[in-house]
Amino acid sequence: MERLGAGRIAVIAAVGMLALSGCQATPGEAGPTTTSSPTAAVTATPEVTETATATPEETEQPAVAWSISSIDSAEQCALFTDAMLGDLNPARLVPFEQAFSIEQHPDLTQLAAAAPELCNWVPSRVGDVEGTGGGQPGGKWRSTFLHIATVPSSETLDAATMFDEFESFTEGFSVGTNPYTTQELGDGTVYLLENKTHGETVPADICHYVEGQTVVTIVRETDGQCVAALERAVAVAKG
């Protein structure tokens, strides 16, 4: 094996020192940095969930509460005397069948069951007369009746069927049927008959106001004021 001379050893040592100095950071400079290729991090971004707020086209208003939803005393009847638009004696409370015979008008059974009594006013011109109408020939008259009934919510009130046609009776015999006319009034519907035979007295106007489960009915002598009286009665009943 060849022995290295002192000179050659010195040269090799110098070359090694130069190689080492190339791998070290020069003072004041950053050393070599290993940069790895970034991997795209998948971040789950939750989808924005829109909360849909149902906005009705029309805001439903609460139904107006009825101060009087059925008649059960003469004192209540007295509250409606002025609304009846007539010169009348003090009101009395009488059975439903004084205004309508259930045998002749079975479609009204639901109303009679909900409120079995109604208000009755005798015209003041005939004096203090008991009963619902009558008088001598040529001097006949008719009582005014007001009935208010609220059918229980557990029952279906089919007003269109109930007030489709009205059968007239006189002396216990049918004299034909007549269709109701209808019109809107406030929040309800009016079913109207004018100048119809109803019993043995003078012709009658009959009108019913239906709103929800409540029915307000007036029977009066024909004078064209049934709907006007009905509107006033509804205002009193609603307070």
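Predicted model, so just to flag it, every value in this text is computed and none were measured.

Looking at this structure, I do not really get the overall build of the chain. What am I missing?
In terms of regular secondary structure, the chain is built from 5 helices and 11 strands. Evaluated residue by residue, the chain yields a buried proportion of 33% over its 239 residues. For the chain, long-range pairs separated by at least 24 residues make up 56% of all intrachain contacts whose partners lie at least 6 apart in sequence. Here the chain displays about 15,000 Å² of accessible surface, and carbon together with sulfur accounts for 53% of that area.

Just to check I follow, could you spell out the sheet that holds strand β11 (residues 214-221) for this structure?
Strand-to-strand pairing in sheets goes through backbone hydrogen bonds, with the strands running parallel or antiparallel. Reading across from one edge, β1-β2-β5-β11-β10-β9-β8 is the order of the 7 strands in this open sheet, with antiparallel pairing throughout. With partners counted over all chains shown, the strands left at the sheet margins are β1 (92-95) and β8 (181-185), one partner each. Each strand of the sheet is rotated relative to its neighbour by a mean of 25°, with strand direction disregarded. By the bridge criterion, 3 bridges tie strand β2 (residues 117-121) to strand β5 (residues 144-150) in an arrangement that is antiparallel. If you follow Cys-119 over to β5, its bridge partner there is Leu-146. Against the sheet, helix α5 (residues 226-238) makes contact with β5, β8, β9 (188-196), β10 (204-211) and β11, and its axis sits at roughly 40° relative to β10, the strand it touches most.

I tried to follow the pairing of β11 on my own but got confused; where do I start?
For a regular strand, side-chain orientation follows a simple rule: the groups alternate between the two sheet faces. In terms of burial, β11 is largely enclosed, as 7 of its 8 residues are buried. As judged from the 6 bridges shared by β5 and β11, these two strands associate in the antiparallel manner. Bridge pairing links His-147 to Thr-217 in β11. Across 8 bridges, β10 lies against β11 in antiparallel orientation. Looking at the pairing, Val-210 lines up with Val-215 of β11. Taken together, β10 and the strand that follows it, β11, pair antiparallel across an intervening segment of 2 residues, in which Gly-212 is found at a positive phi of about 65°.

Teacher, can you tell me more about the pattern of salt bridges here?
The full count for this structure, using the stated rule, is 3 salt bridges. The salt bridge involving Arg-125 is made with Glu-221; its shortest N-O contact spans 3.2 Å. Taken as a pair, Arg-125 in the loop between β2 and β3 (133-134) and Glu-221 in strand β11 lie far apart in primary sequence, 96 residues in all. We classify Arg-125 as exposed; its relative accessible area is 57%.

Got a minute to help me understand the packing of aromatic side chains in this structure?
Remark: the centre distance and the inter-plane angle together describe each pair of aromatic rings, the angle taken between the planes. Following the criterion strictly, the structure yields 6 aromatic pairs and no others. On the numbers, 5.7 Å between centres and 70° between planes, the contact of Phe-163 with Tyr-180 is edge-to-face. In this pair, Phe-163 sits in the loop between α4 (159-162) and β6 (165-170) while Tyr-180 sits in the loop between β7 (173-179) and β8, placing the two residues 17 residues apart along the sequence. Tyr-180 sits in the buried class, given a relative accessible area of 10%. Taken together, the ring pairs connect Phe-96, Phe-100, Phe-163, Phe-166, Tyr-180 and Tyr-191 into an aromatic cluster. Over the ring of Trp-66 we find Lys-238; its NZ or CZ atom is 5.2 Å from the centre of that ring.

Would you mind going over the pairing of β7 with me for this structure?
Here β6 pairs with β7 via 5 bridges, running antiparallel. Paired with Phe-169 across the two strands is Ser-174, which belongs to β7. As consecutive antiparallel partners, β6 and β7 are separated by 2 residues, and within that stretch Glu-171 has a phi angle of approximately 55°, a positive value.

Looking at this structure, I do not really get the nonpolar core. What am I missing?
Soluble globular proteins tend to bury their nonpolar side chains together. Ranked by internal contacts, the top residues of the largest apolar core, which has 27 residues, are Phe-80, Trp-121, Leu-146 and Ile-218. Secondary structure elements with two or more residues in this core: β2, β5, β9, β10, β11 and α5. Among the elements that line this core, the one with the most residues is α5, at 7 residues. Once you skip the residues sitting within four places of it in the chain, Leu-146 turns out to touch Phe-80, Met-84, Leu-118, Cys-119, Trp-121, Val-216, Thr-217, Ile-218 and Ala-233. Among the nonpolar cores identified, the runner-up in size contains 26 residues, and Val-94, Leu-111, Leu-118 and Leu-157 belong to it.

Explanation requested: the state of the cysteines in the structure shown.
The term disulfide refers to a covalent linkage connecting the sulfur atoms of a pair of cysteines. Scanning all chains against the criterion turns up 2 disulfides. Between the sulfur atoms of Cys-207 and its disulfide mate Cys-226 the distance is 2.1 Å. The sign of the -90° torsion about the S-S bond sets the Cys-207-Cys-226 disulfide as left-handed. Placement of the pair is Cys-207 in strand β10 and Cys-226 in helix α5, with a sequence separation of 19 residues. Look at Cys-226 and you get buried, because its relative accessible area is 2%. Each disulfide of the chain joins two cysteines, and with those cysteines numbered along the sequence the arrangement is 1-2, 3-4.

The rules we used
- All residue numbers refer to position in the chain's written sequence, counted from 1.
- Selection of residues for local features in this predicted model requires a pLDDT of at least 70, selection of side-chain atom pairs for listing and counting requires 80 or more, and totals for whole chains, interfaces and linings are taken over all residues.
- Hydrogens are left out, water is left out, and the side-chain values use all remaining heavy atoms of the structure.
- Labels follow the DSSP assignment, with helices taken as runs of H or I lasting at least four residues and strands as runs of E lasting at least two, numbered in each case from the N terminus.
- Accessibility here uses a 1.4 Å probe with only protein chains present; expressed as a share of the type maximum, an area under 20% marks a residue as buried, one over 50% as exposed, and anything in between as partly exposed.
- Contact criterion: two residues are considered in contact whenever any of their non-hydrogen atoms come within 4.5 Å of each other.
- Areas reported as accessible are Shrake-Rupley estimates using a 1.4 Å probe. Residue values count occlusion only from the protein chains shown.
- For two strands to pair, DSSP has to find at least two bridges joining them.
- Axes, fitted as lines to C-alpha atoms, cover a helix only where it is in contact. Angles between the N-to-C directions of the axes lie from 0 to 180 degrees.
- Here, a salt bridge means any side-chain nitrogen of Lys or Arg that lies within 4 Å of a carboxyl oxygen of Asp or Glu.
- The aromatic pairing rule takes the rings of Phe, Tyr and Trp, using the six-membered ring of Trp, and pairs them if the centres are within 6.5 Å, calling planes under 30 degrees apart stacked, those over 60 edge-to-face and the rest tilted.
- Working rule: Lys NZ or Arg CZ, within 6 Å of ring centre, within 35 degrees of ring normal, means a charge sits over the ring.
- Among the buried residues, those of types Ala, Val, Leu, Ile, Met, Phe, Trp, Tyr and Cys that are joined through side-chain atoms within 4.5 Å form a nonpolar core.
- In plain terms, two cysteine sulfur atoms within 2.5 Å form what is called a disulfide here.

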